[in-house]
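For reference, the chains in residue letters:
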2 protein chains.
Amino acid sequence: MDRRLLSAGIALALGAGCTLAFAQAKPEVLVKQRQAAMTLQGKYVGPLGAMAQGKIPYNAEVVARNAAFLEVLSKMPWDGFSPDTKGEKSAALPAVWNEPAKFKEAQDRLQSEAAKLAQVSKGGDEAAVKAQIGAVGKACGGCHETFREKR
Amino acid sequence: MDRRLLSAGIALALGAGCTLAFAQAKPEVLVKQRQAAMTLQGKYVGPLGAMAQGKIPYNAEVVARNAAFLEVLSKMPWDGFSPDTKGEKSAALPAVWNEPAKFKEAQDRLQSEAAKLAQVSKGGDEAAVKAQIGAVGKACGGCHETFREKR
């Protein structure tokens, strides 16, 4: 549906008709969208991990930008894990649906750590920023440990 | 590389070694990341288009949230259109690389219209919001018209 969703804006602009059913995103679309959010989280957290590990030079500007992006991206995947996506091909483990409270806790943890990183990255304390990048990494890893297939 | 990128944070958290080369994102990874940004733009602009068209009920809270998301997402796809991705399978037309100034203009237009929508959506003027949703839709469609394969 993402292409049709996108088309909505265009259809609007062009004045064309449109028969979208927004309340009924198809399971495969939900999976694609949640994976897209994970892909972008990976894009922006990866360099931060490398900086925190000293593998690439520390760049405060990039950290602040990526952290701000991550704070927003960390809110995006979760509505894609609806029960009707259980049968779709993905790395999500049954625990996502069997342990909803624990899964929610893991989501909240990532969002909270990412928000904290965005906050800390606005200051000039490199050590504090690096420590918080580690906390975000732990939130990623902790959730994947329980809720994502090993690959 | 997105999985490896994501692993960086986790590796950090776990104290594991890591040999990532962040300056050298592979072309197929860049394509995957830029498509992920487009997928999420579609996720969040779609319902807005439907609201502006009266196809689903107007919900000011959803509009404000989606508009804030779109403002951030509109900054994310562009570094994925690097010249070394020309040979990758995607809907990007050669115009992306043959008309860089025009492509940049289209990117800037989307970012500007999305930022304006985020701003307008904080107020209570539904008609103004709907008009600005249309402007965002035009920015999507205008860019796709020239730079994206018809599907």
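I will try to describe carefully the structure that is included in this document. (Residues numbered from 1 in each chain as written. Chains lettered and ligands numbered in written order. Predicted model: local features only at pLDDT ≥ 70, side-chain atom pairs only at ≥ 80, totals over all residues. Heavy atoms only, no water.)

**Here we look at the overall build of chain A**
Turning to step 1, where the next piece is worked out: When helices and strands are counted, chain A shows 6 helices and 0 strands.
Turning to step 2, where the next piece is worked out: Its helices and strands taken in sequence order, chain A reads α-α-α-α-α-α from the N to the C terminus.
Turning to step 3, where the next piece is worked out: Across chain A, every contact between residues at least 6 apart in sequence was considered, and the portion connecting residues at least 24 apart equals 69%.
Turning to step 4, where the next piece is worked out: Of the roughly 7100 Å² that chain A leaves accessible, carbon and sulfur atoms contribute 53%. (Helix = DSSP H or I, 4+ residues; strand = E, 2+ residues; numbered from the N terminus. Contact = heavy atoms within 4.5 Å. Areas by Shrake-Rupley, 256 points an atom, 1.4 Å probe, with all protein chains shown as cover.)

**Description of the pattern of salt bridges**
Turning to step 1, where the next piece is worked out: Counted by the stated rule, this structure contains 6 salt bridges over all chains.
Turning to step 2, where the next piece is worked out: Between Lys43 of chain B and Asp79 of chain A there is a salt bridge, with its nearest N and O atoms 2.7 Å apart. Note that Lys43 of chain B is positioned in helix H2 (residues 27-52) and Asp79 of chain A in the loop between helix H3 (60-73) and helix H4 (95-98), a pairing that runs across two chains.
Turning to step 3, where the next piece is worked out: With relative accessibility at 10%, the residue Lys43 of chain B sits in the buried group.
Turning to step 4, where the next piece is worked out: For Asp79 of chain A, a relative accessible area of 44% translates into the label partly exposed.
Turning to step 5, where the next piece is worked out: When the shortest N-O distance is used, the salt bridge between Glu126 of chain A and Lys130 of chain A registers 3.0 Å. Of this pair, Glu126 of chain A and Lys130 of chain A both sit in helix H6 (residues 126-147), separated by 4 residues, roughly a single helical turn.
Turning to step 6, where the next piece is worked out: What makes Glu126 of chain A partly exposed here is its relative accessible area of 35%. (Salt bridge = Lys/Arg side-chain N within 4 Å of Asp/Glu carboxyl O. Buried < 20%, exposed > 50% of the residue type's maximum accessible area, 1.4 Å probe, protein only.)

**Thoughts on the packing of H2 of chain B against helix H3 (residues 60-73) of chain B**
Working note: a packed helix pair is described by the angle between its axes plus the distance between those axes.
All names here are of chain B.
Turning to step 1, where the next piece is worked out: Here H2 crosses H3 at 140°, and the two axes come no closer than 9 Å. The two elements H2 and H3 meet at a crossing, and its hand is left-handed. The segment H2 lies against H3, with Leu40, Gln41, Tyr44, Val45, Pro47, Leu48 and Met51 engaging Val62, Val63, Arg65, Asn66, Ala67, Phe69, Leu70 and Leu73.
Turning to step 2, where the next piece is worked out: In the contact of H2 with H3, the residues fall into 12 nonpolar, 2 polar and 1 charged. (Axes fitted to C-alpha atoms, helices over the stretch in contact; angles between N-to-C directions. Left-handed = near helix turned anticlockwise from the far one by under 90°. Nonpolar A, V, L, I, M, F, W, Y, C, P; charged D, E, K, R; others polar.)

**Brief notes about the packing of helix H2 (residues 27-52) of chain A against H2 of chain B**
Turning to step 1, where the next piece is worked out: Where H2 of chain A meets H2 of chain B, the axes come as close as 8 Å, and the angle between the chain directions of the two elements is 130°. Viewed along their axes, H2 of chain A and H2 of chain B adopt a mutual orientation that is oblique. Crossing hand, H2 of chain A versus H2 of chain B: left-handed. Contact residues: H2 of chain A offers Lys32, Gln33, Ala36, Ala37, Thr39, Leu40 and Lys43 of chain A, while H2 of chain B offers Lys32, Gln33, Ala36, Ala37, Thr39, Leu40 and Lys43 of chain B.
Turning to step 2, where the next piece is worked out: For the contact of H2 of chain A with H2 of chain B, the class distribution of residues is 6 nonpolar, 4 polar and 4 charged. (Parallel < 35°, antiparallel > 145°, perpendicular 65-115°, else oblique.)

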